[in-house]
Amino acid sequence: MKQQAAVENFLAGRRVVIAKFVAHRYKEVQNKAKHVVGIVNLYEVQCADGKAPTVQMWCPRNVQTVEEAARVCPVQFKDGQKLVVEFDLMEPNTFDAKNGVIIRAASVQTLE
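Residues numbered from 1 in each chain as written. Predicted model: local features only at pLDDT ≥ 70, side-chain atom pairs only at ≥ 80, totals over all residues. Heavy atoms only, no water.

1. Here's the deal with the overall build of the protein chain
Reasoning step 1: On a plain count of helices and strands, the protein chain comes out with 2 helices and 5 strands.
Reasoning step 2: Along its sequence from the N terminus, the protein chain presents helices and strands in the succession α-β-β-β-α-β-β.
Reasoning step 3: Projecting the C-alpha coordinates of the protein chain onto the three principal axes gives extents of approximately 45 × 30 × 25 Å.
Reasoning step 4: Within the protein chain, the proportion of its 112 residues that are buried is 36%.
Reasoning step 5: Taking as baseline every contact in the protein chain between residues at least 6 positions apart, the subset at least 24 positions apart corresponds to 54%.
Reasoning step 6: On the protein chain, roughly 7000 Å² of surface is accessible, and the fraction owed to carbon and sulfur atoms is 54%.
Reasoning step 7: If you average the places of the 15 positive and of the 12 negative side-chain charges in the protein chain, the two averages end up 3 Å apart. (Helix = DSSP H or I, 4+ residues; strand = E, 2+ residues; numbered from the N terminus. Buried < 20%, exposed > 50% of the residue type's maximum accessible area, 1.4 Å probe, protein only. Contact = heavy atoms within 4.5 Å. Areas by Shrake-Rupley, 256 points an atom, 1.4 Å probe, with all protein chains shown as cover. Lys, Arg positive; Asp, Glu negative; His and termini not counted. Charge placed at Lys NZ, Arg CZ, Asp CG, Glu CD.)

2. Here's the deal with the packing of aromatic side chains
Reasoning step 1: Counted under the stated rule, the structure contains 3 aromatic pairs.
Reasoning step 2: Plain terms: the ring middles of Y43 and F77 are 5.6 Å apart, the flat faces sit at 65° to each other, and that makes the pair edge-to-face. Taken as a pair, Y43 in strand β2 (residues 36–47) and F77 in the loop between α2 (66–72) and β4 (82–92) lie far apart in primary sequence, 34 residues in all. F77 matches Y43 in its accessibility class, with the two residues each being buried. (Phe/Tyr/Trp six-rings, centres within 6.5 Å; stacked < 30°, edge-to-face > 60°.)

3. Here's the deal with the environment of P74
Reasoning step 1: Topologically, P74 is positioned in the loop between α2 and β4.
Reasoning step 2: Separated by 34 residues in the primary sequence, P74 and V108 place their C-alpha atoms 13 Å from one another.
Reasoning step 3: In contact with P74, other than residues within four places in its own chain, are Y26 and A69.

4. A look at the nonpolar core
Reasoning step 1: The biggest cluster of nonpolar side chains holds 14 residues, and the ones touching the most others in it are Y43, V55, V85 and V108.
Reasoning step 2: Counting residues per element, the ones that place at least two in this core are β1 (16–30), β2, β4 and β5 (101–110).
Reasoning step 3: Excluding residues that lie within four positions of it along the chain, V55 makes contacts with N41, L42, Y43, V45, V85, I103, A105 and V108. (Core = buried A, V, L, I, M, F, W, Y, C linked by side-chain atoms within 4.5 Å.)

Nothing here speaks to function; it is all geometry.
In structure tokens, the structure reads:
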């Protein structure tokens, strides 16, 4: 996504943040019966203001293991690459997020 398009999305009222990619990991999400209901991508990012939230984005529904997630939806970003994150919700979370803030993302794209 081009920076101008990201700015236009922000001005149109969408929640958008530009951040630098730092690290990635996969995590299994289980229900109370300990059955895997899905896999999430957890991206560690660094914002310009120094904050470092974790971005959460779901893998496709048919992916049910971390090994399958690594094969089907590998990480497309490099260390230090600028990303545009469109999100629905930003909330405190100390369970999944290393720095206490998690962003539930709708899309994560590279900034061109």
